[in-house]
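Observations on the model geometry
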Amino acid sequence: MQKKRLIWLDWGKAFLICLMIVGHSAPDKVSDTIICSFHMCAFFFLSGVLHKITMNKIEFIHGTSCKNIFGGGKILILDVLENVKPLFKKLIVPVLFFNAIAYVCWISFSGFVGELPSGLYELIVKPILGIILFGSSAHPMNGPCWFLVTLFFIKVIMTILTERRTMWIFVFVMALMAAVFDKLRFTGSDFMGRICFSFPFYCTGFLLKDYVSRFVEIKASNRLLLLVVAITTLVSLALYNTRGGILSYHFGKSIFLYYATGFIGTFSVICLFSFLRNTSYRFVTFISNGTLVILGTHILIISYISIVRTGNSYLTAGICLLLTLPLIYLFNNYTPKMVGKNAYHAK
């Protein structure tokens, strides 16, 4: 039986991807600080809401029984390699695809203006390292794809967690590890830190999905009051904490304040679009289904629009969104496997 589509979640995804475009279009400082305080956190949470445990579980791997060191007693162990394969196709293949497009654009433009870097390390190694690393040792071709890479590793971790109690333990352990990585700085620490920091949002999205479903149905006046309180708190905390970001692995004054704004912002998104849970528009659904394409292409589009210099970040974001629409249609329908979709569901 086909499950009912979560219309409020479509609105939330469409709203958040638009905020991502605005955030990358050089908005004013206040808007940038508020947007960056929660929008990617909310994306991880909503991804967790959509998480399904459909993995095949087996009791023995290579004939060796195992004990559950987290929950106690014998458990059914996931065949991790078998389960990672579809995740790789859905998330890492798009990362490689969009990075390849960005690489070709970078090489072409750099060659055209006579600024093509010399040396194998600058031309090949740093762009490859840029797929997972961020900093002087790497050259990210398509920065926003960090989200997909991080999501991939989070989903892999989720495949080995079989009990809700274990998941809650991991939520707190990962948050503490993220704080440790915030203090330690070495090559790769940001990469591991992003996974640790983002995991609590994804996992709590999964753990609280039933509560969220019930929340969006409560009395409208109560939700409106909670929305006002949440937005007021979000803006106040975000501006106090100053700008932060998961990719740069900088969280303003405090990583724990950033966690607070992340969860409060996520709650605000759920509150806001709960009022539209029964109002569906094809355009919103189209944007929701195309968030991965927008994520992988918008930064390139913005870089070319910036040459024209519109002078207004919101105008730049609007033009960028319009230019991604035909790309969503083309990629989802004619190269679905390159953007993490099955050909059967693409049309």
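This text follows the structure it describes.
Here is a short report on the structure shown in this document.

Quick notes on the rules
- Residues numbered from 1 in each chain as written.
- Predicted model: local features only at pLDDT ≥ 70, side-chain atom pairs only at ≥ 80, totals over all residues.
- Heavy atoms only, no water.
- Helix = DSSP H or I, 4+ residues; strand = E, 2+ residues; numbered from the N terminus.
- Buried < 20%, exposed > 50% of the residue type's maximum accessible area, 1.4 Å probe, protein only.
- Contact = heavy atoms within 4.5 Å.
- Areas by Shrake-Rupley, 256 points an atom, 1.4 Å probe, with all protein chains shown as cover.
- Expected span 1.5 Å × (residues − 1).
- Phe/Tyr/Trp six-rings, centres within 6.5 Å; stacked < 30°, edge-to-face > 60°.
- 1 Å grid on protein atoms, 1.4 Å probe; cavity = no way out; pocket = protein on both sides within 12 Å on 5 of 7 lines; lining within 4 Å.
- Points joined across faces, edges and corners; volume = space filled by probe spheres on them.
- Nonpolar A, V, L, I, M, F, W, Y, C, P; charged D, E, K, R; others polar.
- Salt bridge = Lys/Arg side-chain N within 4 Å of Asp/Glu carboxyl O.
- Axes fitted to C-alpha atoms, helices over the stretch in contact; angles between N-to-C directions.
- Left-handed = near helix turned anticlockwise from the far one by under 90°.

The next subject is the overall build of the protein chain. Check the secondary structure of the protein chain and you find 15 helices and four strands. Across the 347 residues in the protein chain, those meeting the buried criterion constitute 48%. Counting only contacts in the protein chain whose residues sit at least 6 apart along the sequence, the fraction spanning at least 24 positions is 74%. Carbon and sulfur atoms make up 68% of the accessible area of the protein chain, which amounts to about 17800 Å² in all.

For the α-helix, the turn length of 3.6 residues means that residues three or four positions removed from each other point alike. Compared with an ideal rise of 1.5 Å per residue, which puts 17 residues at 24 Å, helix α1 (residues 7-23) spans 24 Å between its outermost C-alpha atoms and is within 8% of the ideal. Judged by how many residues are buried, α1 sits mostly within the fold: 15 of 17 residues are covered.

So, on to the packing of aromatic side chains. Evaluation of the coordinates by the stated rule reveals 24 aromatic pairs. A centroid spacing of 5.4 Å and a plane angle of 85 degrees characterise the contact between phenylalanine 153 and phenylalanine 191, whose relative ring orientation is edge-to-face. Here the residue phenylalanine 153 occupies a position in helix α6 (residues 146-158), and phenylalanine 191 occupies one in helix α8 (residues 189-207), the gap between them amounting to 38 residues. Note on phenylalanine 153: relative accessible area 31%, which makes it partly exposed.

Per the stated rule, a full pass over the model turns up three cavities of 30 Å³ or more. Around the largest cavity, the lining is made up of 13 residues, and of these Gly130, Ile131, Pro140, Gly143 and Trp146 lie nearest the centre. Split by residue class, the lining of the largest cavity holds eight nonpolar, four polar and one charged.

Our next topic: the pattern of salt bridges. Here the structure, examined in full by the defined rule, presents four salt bridges. Of the charged contacts, one joins aspartate 10 and arginine 5 as a salt bridge, the two residues approaching to 2.5 Å between their closest N and O atoms. What makes arginine 5 partly exposed here is its relative accessible area of 43%. The residue glutamate 217 makes a salt bridge to arginine 277 at a minimum N-O spacing of 3.4 Å. Here arginine 277 lies in the loop between α11 (255-274) and α12 (282-289) and glutamate 217 lies in the loop between α9 (209-215) and α10 (220-241), a separation of 60 residues in the sequence.

This part is about the packing of α6 against α8. Running from N to C, α6 and α8 point in directions that differ by 65 degrees, and their axes come no closer than 9 Å. Between α6 and α8 the crossing geometry is right-handed. The residues of α8 that touch α6, namely those facing Trp146, Val149, Thr150, Leu151, Phe153, Ile154, Lys155, Ile157 and Met158, are Phe191, Arg194, Ile195, Ser198, Phe199, Tyr202, Cys203 and Phe206.

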